[in-house]
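Observations on the three-dimensional arrangement
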Amino acid sequence: MSETYDVIVIGCGAMGSASAFHLARRGAKTLVLEQYDIGHEFGSSHGRSRVIRKAYFEDPRYVPLLHRSYELWRALERKSGETLLHLVGCLNIGPRGHVAIEGVLESVRMHGLPHELLTAEELQRRWAVFSLPESDVGIFEPEGGFVSPERCIRTHAEQARRHGAVVRTGERVVGWSPRKHGLSVRTESSEFHAGSLVITAGPWLPKLAAELNLPLRVERQVQLWFLPDEAAPFTAARMPSFIHFVGTSAYYGIPMREREGVKVARHHAGETTSPDAVNRLVTQADVADVRSYSSRYLPAANGPLVDGKVCLYTNTPDDHFIIDRHPRHEQVLIAGGFSGHGFKFAPIVGSALADMAINGGTNEPIDFLSIRRFSA
């Protein structure tokens, strides 16, 4: 006899674990199906750190969602006793007039975000590890920093369990289908029924929602950690997270903790792939690309390679998320296409999806993330 739930969540990464927690804490009988272990390294939600920021160059419409997401991160910390957010500040660096720099300025001014606008000279005086052209400026946001993704996911999943959610790992979903009342989800070994389905499958979303032919591109990304010449200037006590816009490229860095190294990586410009076909080995070309950046702009970080991880971005054509109902099956909710900047939103995405599954809608300002924008 198959098991029946109020809501089934496919995928227990950033968004799935948060959805499970918010569903379960509101009393929904919730099942989470994860094909690997919690906090695995095969998707998008790993790598020990992720930049968090409110000064959003992508679109100022994200800022209200970020305010709420920060509140929910802090609430999760209080509930669990875990430290998840590290607000060491975040720097956006690039030439004045660059579309991203102007986007950051638009967001901070529109929403009154605390910030400092620094010349390259002022920036380097404060953080001597940088070597920047005079044309660069820096926008320092004290409310930025980084989060610990694996810890965040495990904390959301554990709190979901404490509220009664069933989290089943090693359950690979092979398909789902609507029924007269609700739907069924099939794994390699079982079948489950529910009134609603939440698909938060990351780079597996194109396969699990293949009937929609969503314009999603899965992109290979490489995260690297280097041992700097001197550790102290790169620690979280002295260095902020940063994003540096260089021509048409962008690189980011996250300060080191203990002896894990300073994280430096390129943001986007990876090859198109799939979770099944991706090369998960870090190559010499991957390392050379980042070393080329560091040798010029962050020379003291260009030491021995400590570690490297391959992860996957799932990109939409406009780099905005998808958070919406399935156009053909209203009992199915879809959250995906987070385009390499979604992790920080996990709590608010999970809360909004719980609203939609339980109440039929949400008051969160997510209309601009509708799936229907692609149907035109």
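A brief look at the structure comes next. (Residues numbered from 1 in each chain as written. Predicted model: local features only at pLDDT ≥ 70, side-chain atom pairs only at ≥ 80, totals over all residues. Heavy atoms only, no water.)

Details of the nonpolar core
Core analysis: the biggest nonpolar cluster contains 72 residues, and Tyr-62, Leu-65, Trp-73, Phe-345, Val-349, Leu-353 and Leu-369 have the highest contact counts within it. Sort the elements by how many residues they give to this core and helix H8 (residues 346-359) lands first, with eight residues. Those residues in contact with Phe-345 that sit more than four places away from it in its chain are Tyr-56, Tyr-62, Leu-65, Leu-66, Ser-69 and Phe-321. Core analysis: the next-biggest nonpolar cluster, separate from the first, contains 30 residues, Phe-140, Phe-234, Phe-242 and Tyr-297 among them. (Core = buried A, V, L, I, M, F, W, Y, C linked by side-chain atoms within 4.5 Å. Buried < 20%, exposed > 50% of the residue type's maximum accessible area, 1.4 Å probe, protein only. Helix = DSSP H or I, 4+ residues; strand = E, 2+ residues; numbered from the N terminus. Contact = heavy atoms within 4.5 Å.)

Here's the deal with the side chain of Gln-331
The topology assignment puts Gln-331 in the loop between strand S18 (322-325) and strand S19 (332-336). You can call Gln-331 buried: its relative accessible area is 18%. At a separation of 3.0 Å, a polar atom in the side chain of Gln-331 contacts the main-chain carbonyl oxygen of Gly-182. In contact with Gln-331, other than residues within four places in its own chain, are Pro-178, Arg-179, Gly-182, Leu-183, Gly-195, Ser-196 and Leu-197. (Polar contact = N/O pair within 3.5 Å; in protein donor to acceptor, adjacent residues only side chain to side chain.)

Comments concerning the pattern of salt bridges
Within the structure shown, the criterion is met by 24 salt bridges. A salt bridge links Asp-286 to Arg-220; the shortest N-O distance between them is 2.8 Å. Here Asp-286 is found in helix H7 (residues 284-297), whereas its partner Arg-220 is found in strand S13 (residues 217-226), with 66 residues between them in sequence. Classification of Asp-286 by relative accessible area gives buried; the value is 15%. Of the residues examined, Arg-220 reaches a relative accessible area of 8% and is grouped as buried. (Salt bridge = Lys/Arg side-chain N within 4 Å of Asp/Glu carboxyl O.)

Looking at helix H2 (residues 63-80)
Over its 18 residues, H2 extends 26 Å from the first C-alpha to the last, a length consistent with the 26 Å expected when each residue adds 1.5 Å. Inspection of H2 places Val-63, Leu-65, Leu-66, Ser-69, Tyr-70, Leu-72, Trp-73, Leu-76 and Glu-77 among the buried residues, and these make up the whole buried set. In this fold, the buried residues of H2 make contact with helix H1 (14-25), strand S3 (50-52), strand S4 (85-86), helix H3 (99-111), helix H5 (149-162) and H8. In the stretch just after H2, Gly-81 is the one whose phi turns positive, near 80°. (Expected span 1.5 Å × (residues − 1).)

Thoughts on the packing of H2 against H5
To characterise two packed helices, one gives the angle between the axes of the helices and the distance between these axes. It is at 11 Å that the axes of H2 and H5 come closest, and there the two elements cross at 65°. By crossing handedness, the relation of H2 to H5 is classed as left-handed. Of the residues in H5, those in contact with Trp-73, Leu-76, Lys-79 and Ser-80 of H2 are Cys-152, Thr-155, His-156 and Gln-159. Considered class by class, the residues forming the contact of H2 with H5 number three nonpolar, four polar and one charged. (Axes fitted to C-alpha atoms, helices over the stretch in contact; angles between N-to-C directions. Left-handed = near helix turned anticlockwise from the far one by under 90°. Nonpolar A, V, L, I, M, F, W, Y, C, P; charged D, E, K, R; others polar.)

Focus: the environment of Arg-53
Position of Arg-53 among the secondary structure elements: in the loop between S3 and H2. Relative accessible area serves as the criterion here: at 3%, Arg-53 is assigned to the buried category. As for Arg-53 and Leu-66, which are separated by 13 residues in sequence, their C-alpha atoms are 8.1 Å apart. A distance of 2.6 Å separates a polar atom in the side chain of Arg-53 from a polar atom in the side chain of Glu-58.

Quick word on the sheet that holds S4
Taken in spatial order, the three strands make up an open sheet running S3-S8-S4, and their pairing is antiparallel. Both edges of this open sheet fall to S3 and S4, since each of them pairs with a single strand only. Two strands pair when backbone bridges link them, and S4 and strand S8 (residues 145-147) are joined in this way by two bridges, in the antiparallel orientation. Bridging across to S8, Leu-85 finds its partner in Val-147. (Pairing = 2+ DSSP bridges.)

Section: the environment of His-98
Of note, His-98 is situated in the loop between strand S5 (90-95) and H3. The exposure class assigned to His-98 is buried, which follows from its relative accessible area of 17%. For the pair formed by His-98 and Val-174, sequence separation is 76 residues and the distance between their alpha carbons is 44 Å. Setting aside its immediate chain neighbours within four residues, His-98 contacts Phe-245 and Gly-247. Looking at His-98, its side chain comes within polar contact range of the main-chain nitrogen of Ala-100, at 3.0 Å.

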